[in-house]
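Below, each chain spelled out in residue letters.
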Amino acid sequence: TINTAAGAVVWAASPTAINPTILLDAGSAEFTTANFPALQRSTMFQSSADGVMKVLAYDASTMEKAYFTIPLSTMISAVSYASIDLWITATSSGNTVWQVGSVFLLSGSSGGGASTAVSSTTAVNLASLATKVSIGLVATSWATPGIVQLYIGRFTSDAGDANTGDVYLQSAALRITV
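Since we're looking at a predicted model, the values are computed, not measured.

Caption draft 1: Molecular detail of the overall build of the chain. From N to C terminus, the chain includes zero helices and ten strands. Put simply, the chain has 178 residues, and 43% of those count as buried. The long-range share in the chain, meaning contacts at least 24 apart out of those at least 6 apart in sequence, stands at 76%. Of the roughly 8,100 Å² of accessible surface on the chain, a fraction of 56% belongs to carbon and sulfur atoms.

Below you can see the structure in the form of structure tokens.
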């Protein structure tokens, strides 16, 4: 059994045939004191316990980041590959460049240390239609136990980001291959 809530420990042994997927709920995002997306109610989906799904609204002109922290216990094998799936909508059509950064912190019993990686990709958005984009992460040094901190940002300063409207992160999932 795997607990898939962001911020929850992946706590049960994974058979080799099962690769965990960890949902990153907008409500569990962490923010710095500046340049962060707004937490809003979705106008597209209504599926959370209170009847309204929360989304992250990214501005068209500023690089904004939302952070997620995921502890991995010793009950999961070393990670061989990871990717993140983003489901996004936009207020206008145009390319949007997304950037995902990861920092993996090993526990003291695993030798300590940290590894950092950044990946980005371009998504073609059509106004008001949901778009899925997948971004591969550099995860070859992820071992357990440890903590993964990810950020999801709209890379507005990239020349490929030509969408002049706000973009909404409707949902995100971290997919792990062990």
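Caption draft 2: Representation of the pattern of salt bridges in the model. Under the criterion given, the structure shown has three salt bridges. Across the pair Lys132 and Asp85 runs a salt bridge, and its minimum N-O distance is 3.9 Å. Of this pair, Lys132 sits in strand 8 (residues 131-137) while Asp85 is found in strand 5 (residues 81-90), placing the two residues 47 residues apart along the sequence. For Asp85, a relative accessible area of 3% puts it in the buried group. Close ionic contact of Asp85 with Arg175 constitutes a salt bridge, the shortest N to O distance being 2.4 Å. Of this pair, Asp85 sits in strand 5 while Arg175 is found in strand 10 (residues 167-177), placing the two residues 90 residues apart along the sequence.

Caption draft 3: Representation of a nonpolar patch on the surface. Nonpolar side chains collect at one region of the surface, where Phe31, Phe36 and Leu39 lie side by side and expose about 260 Å² of accessible area between them. As for its position among the elements, Leu39 is in strand 2 (residues 38-41).

Caption draft 4: Up close: the packing of aromatic side chains. Throughout the structure, instances matching the rule amount to two aromatic pairs. Here Tyr58 and Trp98 contribute two aromatic rings whose centre-to-centre distance is 5.0 Å and whose plane-to-plane angle is 85°, an arrangement assigned as edge-to-face. Of this pair, Tyr58 sits in strand 3 (residues 54-58) while Trp98 sits in strand 6 (residues 94-106), placing them 40 residues apart in sequence. On the accessibility criterion, Trp98 (0% relative accessible area) is buried. Between Tyr67 and Tyr151 the ring centres are 5.8 Å apart and the planes differ by 55°, which places this aromatic pair in the tilted class. With Tyr67 in strand 4 (residues 64-72) and Tyr151 in strand 9 (residues 146-154), the pair connects residues that are 84 residues apart, well separated along the chain. For Tyr67, a relative accessible area of 19% gives the class buried.

Caption draft 5: Local environment of the side chain of Thr156. Secondary-structure assignment places Thr156 in the loop between strand 9 and strand 10. At 3.1 Å, the side chain of Thr156 and the backbone nitrogen of Met63 are in polar contact. Thr156 has contacts with Asp59, Ala60, Ser61, Thr62, Met63 and Asp161, leaving out every residue within four places of it along the chain.

Parameters and conventions
- Residues numbered from 1 in each chain as written.
- Predicted model: local features only at pLDDT ≥ 70, side-chain atom pairs only at ≥ 80, totals over all residues.
- Heavy atoms only, no water.
- Helix = DSSP H or I, 4+ residues; strand = E, 2+ residues; numbered from the N terminus.
- Buried < 20%, exposed > 50% of the residue type's maximum accessible area, 1.4 Å probe, protein only.
- Contact = heavy atoms within 4.5 Å.
- Areas by Shrake-Rupley, 256 points an atom, 1.4 Å probe, with all protein chains shown as cover.
- Salt bridge = Lys/Arg side-chain N within 4 Å of Asp/Glu carboxyl O.
- Patch = residues over 30% accessible without salt bridge, like charges linked within 9 Å, V, L, I, M, F, W, Y side chains within 5 Å.
- Phe/Tyr/Trp six-rings, centres within 6.5 Å; stacked < 30°, edge-to-face > 60°.
- Polar contact = N/O pair within 3.5 Å; in protein donor to acceptor, adjacent residues only side chain to side chain.

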